[in-house]
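# An overview of the molecular structure
Here's the letter readout for the chains.
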Amino acid sequence: MGAGAARDGSAASLKFVRAAARRGAGGMAGMGPPGGSAAGLQACAEGCAEGCAEGCAEGCAEEAKPAPSQQDEDTCSDYGSRDKPGTALGRTVPDGNVLFPDIFRTDHLLFYERFKAYQDYILADCKASEVKEFTAEYLEKALEPSGWQAVWRTNVFEVLVEVVDVEYSDLKAVVQLCEPFLCESQVSTFTLECMQELLELKERRIPLQELWVVYDESGEFDQTALAVEHVRFFYECIWRTWDEEEEDDFDYFVRCVEPRLRLHYDILEHRVPSGLVADYHSYLSQCEELYRKFLNVRNNITSSDSDSEMENVSMVEGLKLYEKIEHLKQKIKLIENPLLRYVFGYQKYSGFQAKGQRPTGIKITHVVSSTVMASLLQSLIRDKLCPESCGEELEIQFHNDPLAAVNACYEGETVIICPGHYVVDGVFCIADSIEMEGYGLPDDIVIEKQGKGDNFVDCTGANIKISNLKLVQHDAVEGILNVHQGKTTLENCVLQCETTGITVRTSAELLMKNSDLYGAKGAGVEIYPGSTCTLLDNGIHHCKEGILIKNFLDEHYDIPKISMANNMIHNNEGYGVVLVKPTVASDVKDASAEGTTGNAQSTQSSDERAHVEGFRQEERPECVADELELYKQAEISEGNHDIVSELSAASAKKSQMHRKRLSELGITEADDNLMSQEMFVSIVGNQFKWNGKGSFGTFLF
């Protein structure tokens, strides 16, 4: 018990000393000691240096007592505490040989537990070249040097061994076979003699990450099991073979460990698009293979003293491999960076290739139904499928999955979805001009999305129409519908969102009619610069914000064209409509300085607003021109005028900035295309009720 207590004291001391060292070196910006004296830390360090638990206890006694919440947190994460009798870890029963003993279950650790272990106990602020040294130092404090059993696992066999020594610097354990001999193998050739011979070839030294510690109820080997798990997880999921050759002037934990650890758990929780996950693993495999080839080429060049033509060829080959590796590493880093991950995913998956016309020249109608009643089938044939209703003979394909039906479509084809509740696991990537319609009421035709990482519907086709459907999202991180390019019409649909609702990207067009959107934790509709968005007779409610208009004042952005009529925007947490714009723009300041008095500016602004509301009527989309005429006489609800005024003022600023840039370039003639830079705004008859912050607001950045 004396040795065990000393080991516990040393491990506890290591925790405080590492934390103190990191804080003193500024390892965690903005964080300091929780409130203790320097003498306390010094005494704690002395206790650790002497290897004495009493010294650590004396040093820690001078620390201010932590809050109960901090004590609880430490207790939850410190599985190796000896304050409580027995083990705090679970057990795993082997699937194969029933004679094998149970092992500690350590693969279920939470993100914060691994994060805390690597940051506070193992790596601290080490460089990439110091990782092995820091890990060995941690193992010396946390790992029992001998006397514990483990299951040695490889891809071919499992065998029960006993650890008799640990070589910390090499991260290996010296083992011997247990008696009686227990081995589970895919082949029958692994006898006791074969295994003894294999161990002799390995000098009985086994990497720690290949060992799974045998379960023990006493709690004596909890820290050992956790230490081995941390080493195994690190070298399997975090460490890259090329890390040690990266620039060595940065904190390895901050630069590499933290983003990779977060990505690992995001993938586990299905918060990363499946396509991006597949690409990530593919890039890692390719990079590992190319790096092995590069090392071989480099070693051959290093070992050769001649200046032969073969060596020159090898150098050229090495340079080509190096360029490929660097290119792959940049892609990997983009995915590992949580801020750039989704930008990269958007850029990659926004360019879906359209199939075009079916090679046979025939247009097929796709019918989706899991089961169908005879009466419904008769109605469907009468209304949609008979030659009299469609004017031509149809070829029909039946599907039980709407995603499979959409994937089977070519240009100009139609998907008819019968009433039912469909659960899909994937993304609707619609790159051709197709029509996807439900046969019945939206609440009777429900398409529910499984998985958290992928988008739901991505549209890039020239003319896509979606109607009479209810789309349901759960636990998602991507929007429910993204219009990347082309035109998408959404009519008589219900959208139950999770994060962002509908996103209308630059150069894309959305026409949304008679639809209901709710539940978005971001904006219900996001309108990007240069897009066209027409919203008629919709309900947008119970979102973070109703409609968000992205900043378009930058010189590289085009002004969006927005039409809103008779929408009901209500019960949103923030504003009904939000305009995002910069807090201070130097060009806008200069333009304001060139103006006259405040009254004159106000008059000019009013004239510009009236002008923006009235011009380019002939350019309204043909499909909604008639309907917008009906709304001209509608009473303008509260908030409509404010939105038009603010958007028109922003458009005027954009025009002033444009004229100023032309003047700076020496262009004094009239700009014939200037009118095309104005915002087309038609906002009438909308109702804004019970929005948390009001009908309209601006977000300054």
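Residues numbered from 1 in each chain as written. Predicted model: local features only at pLDDT ≥ 70, side-chain atom pairs only at ≥ 80, totals over all residues. Heavy atoms only, no water.

## A look at the overall build of the protein chain
Quick note on the threshold: Labels follow the DSSP assignment, with helices taken as runs of H or I lasting at least four residues and strands as runs of E lasting at least two, numbered in each case from the N terminus. The cut-offs for exposure are 20% and 50% of the maximum accessible area for each residue type, with area from a 1.4 Å probe on protein chains only; residues under the lower value are buried, those over the upper are exposed, and the others partly exposed. Residue contacts are counted whenever heavy atoms from the two residues lie within 4.5 Å of one another. Here the open area of atoms and residues is found with the Shrake-Rupley method and a 1.4 Å probe, where only the protein chains shown may cover a residue.
A tally of helices and strands in the protein chain yields 19 helices and 34 strands. Out of the 701 residues in the protein chain, the part that is buried amounts to 46%. Considering only residue pairs separated by 6 or more positions, the protein chain has 68% of its internal contacts joining residues 24 or more positions apart. Counting only carbon and sulfur atoms, one obtains 50% of the accessible surface of the protein chain, whose full area is about 34,600 Å².

## Some points on the sheet that holds strand 14 (residues 435-438)
Strand pairing in a sheet takes place through backbone hydrogen bonds and is either antiparallel or parallel in direction. Let me state the cut-off plainly: Two strands qualify as a pair provided that DSSP identifies no fewer than 2 bridges between them. Where helices are involved, their axes are fitted lines through C-alpha atoms of the stretch in contact, as for all axes, and angles between N-to-C directions lie from 0 to 180°.
Here 10 strands make up an open sheet; going across it, the order is 10-9-11-14-17-20-23-26-29-32 and the pairing parallel. Strands at the two margins of the open sheet, each flanked by one partner only, are strand 10 (395-399) and strand 32 (681-684). Averaged over all adjacent pairs, the angle separating strand axes in this sheet is 10°, with direction ignored. With 3 bridges connecting them, strand 14 and strand 17 (residues 463-467) associate as parallel partners. Counted as the bridge partner of M436 is I466 from strand 17.

## Side note on the pairing of strand 5 (residues 172-177)
Two strands pair when backbone bridges link them, and strand 4 (residues 157-167) and strand 5 are joined in this way by 6 bridges, in the antiparallel orientation. Each residue of the ladder has a partner; that of E167, found in strand 5, is K172. Counting the residues in the hairpin turn of strand 4 and strand 5 gives 4 residues, including L171, whose phi is positive at 55°. Here strand 5 runs beside strand 7 (residues 205-207); their pairing, made up of 3 bridges, is antiparallel. Note that in strand 7 the partner of V174 across the bridge is R205.

## Here we look at the sheet that holds strand 34 (residues 694-700)
Taken in spatial order, the 8 strands line up as 13-16-19-22-25-28-31-34 in an open sheet, and their pairing is parallel. Only two strands of the sheet have a single partner each, and these edge strands are strand 13 (428-430) and strand 34. With direction set aside, neighbouring strand axes in the sheet form an average angle of 15°. Pairing of strand 25 (residues 523-527) with strand 28 (residues 545-549), which is carried by 4 bridges, proceeds in the parallel orientation. Within the sheet, the bridge partner assigned to E526 lies in strand 28 and is L548.

## Observations regarding the packing of helix 5 (residues 111-122) against helix 9 (residues 252-268)
Defined as follows: Note on terminology: angles under 35 degrees are roughly parallel, angles over 145 are roughly antiparallel, angles of 65 to 115 are roughly perpendicular, and the others are oblique. Each crossing is labelled by how the near helix is turned from the far one, with a counterclockwise turn of less than a right angle marking it left-handed and a clockwise turn marking it right-handed. Under the convention adopted here, Pro, Cys and the residues Ala, Val, Leu, Ile, Met, Phe, Trp and Tyr are nonpolar, Asp, Glu, Lys and Arg are charged, and Gly plus all remaining residues are polar.
One way to put it is that helix 5 packs onto helix 9 with a least axis distance of 11 Å and a crossing angle of 165°. Our classification of the angle between helix 5 and helix 9 gives roughly antiparallel. Crossing of helix 5 against helix 9: the hand is right-handed. Here F111, R114, F115, Y118 and Q119 of helix 5 lie close against helix 9, whose contacting residues are F253, V257, E258, L261, R262 and Y265. For the contact of helix 5 with helix 9, the per-class residue count stands at 7 nonpolar, 1 polar and 3 charged.

## Things to note about the nonpolar core
The criterion, for reference: Each nonpolar core is a collection of buried residues, namely Ala, Val, Leu, Ile, Met, Phe, Trp, Tyr and Cys, held together in the definition by side-chain atoms within 4.5 Å.
F428, I466 and I547 are the most contacted members of the largest nonpolar core, which totals 65 residues. The element contributing the most residues to this core is helix 19 (residues 640-664), with 4 residues. By size, the runner-up hydrophobic cluster in this structure holds 56 residues, among which are L89, A142, W152 and C183.

## Some thoughts on helix 8 (residues 222-238)
Spelled out, the test is: The span expected for a helix works out to 1.5 Å for each residue beyond the first.
When the terminal C-alpha atoms of helix 8 are compared, their 23 Å separation across 17 residues agrees well with the 24 Å that a helix rising 1.5 Å per residue should span. In terms of burial, helix 8 is largely enclosed, as 14 of its 17 residues are buried.

## Structural notes on the confidence of the model for the protein chain
To keep it simple, the criterion reads: Values of pLDDT, ranging from 0 to 100, describe the predictor's confidence in every residue of the model.
Mean pLDDT over the protein chain stands at 77; residues scoring 70 or higher make up 70%. Scored below 50 in pLDDT, residues 585-624 makes 44 contacts in the model with residues more than four places away or belonging to other chains. A low-confidence stretch, residues 627-636 (pLDDT under 50), is modelled with 17 contacts involving residues beyond four sequence positions or located in other chains.

## Here we look at the packing of aromatic side chains
Test applied: Each aromatic pair joins two rings of Phe, Tyr and Trp (for Trp, the six-membered one) with centres within 6.5 Å, and gets the label stacked for planes under 30 degrees apart, edge-to-face for over 60, and tilted for any other angle. By definition here, charges over rings are those cases where NZ of Lys or CZ of Arg is within 6 Å of the ring centre and within 35 degrees of the ring normal.
In this structure the tally under the stated criterion is 15 aromatic pairs. Here Y118 and F234 contribute two aromatic rings whose centre-to-centre distance is 6.0 Å and whose plane-to-plane angle is 50°, an arrangement assigned as tilted. A residue pair is termed long-range when its members are at least 10 positions apart, and Y118 in helix 5 and F234 in helix 8 qualify at 116 residues. F234 shares its class with Y118; the two are buried. Ring centres 6.3 Å apart and planes at 70° place the aromatic pair F234 and Y252 in the edge-to-face group. Taken together, the residues span a long stretch of sequence, with F234 in helix 8 and Y252 in helix 9 at a distance of 18 residues. Judged by relative accessible area, which is 4%, F234 ranks as buried. For Y252, a relative accessible area of 0% corresponds to the buried category. Grouping aromatic residues by their ring pairs yields a cluster made of Y118, F234, Y235, W239 and Y252. Between R232 and the ring centre of W212, over which it is positioned, the NZ or CZ distance is 3.9 Å.

## A few points about the pattern of salt bridges
Note the following rule: Any carboxyl oxygen of Asp or Glu that lies within 4 Å of a side-chain nitrogen of Lys or Arg is treated as forming a salt bridge with it.
Tallying each qualifying case throughout the model produces 24 salt bridges. Its salt-bridge partner being D170, residue R205 comes within 3.0 Å of it at the nearest N-O pair. One end of the pair, R205, is in strand 7; the other, D170, is in the loop between strand 4 and strand 5, and 35 residues separate them in sequence. Classification of D170 as partly exposed rests on a relative accessible area of 33%. As a salt-bridge pair, E200 and R204 come within 2.8 Å of each other at their nearest N and O atoms. In this structure, a network of salt bridges that share partners links the residues R240, D243, R260 and E336.

## Brief notes about the environment of V424
Along the chain, the position of V424 falls in strand 12 (residues 420-424). Taking the C-alpha atoms as reference points, V424 and A404, 20 residues apart in sequence, are found 9.4 Å from one another. In contact with V424, other than residues within four places in its own chain, are D401, P402, L403, I447, E448, K449, Q450 and F456.

## Focus on the pairing of strand 3 (residues 148-153)
Of the pairings in the sheet, the one linking strand 3 to strand 4 comprises 6 bridges and is antiparallel in character. Bridge assignment links A150 to a residue of strand 4, and that residue is V161. Across 3 bridges, the pairing between strand 3 and strand 8 (residues 211-213) is antiparallel. Paired with A150 across the strands is V213, a residue of strand 8.

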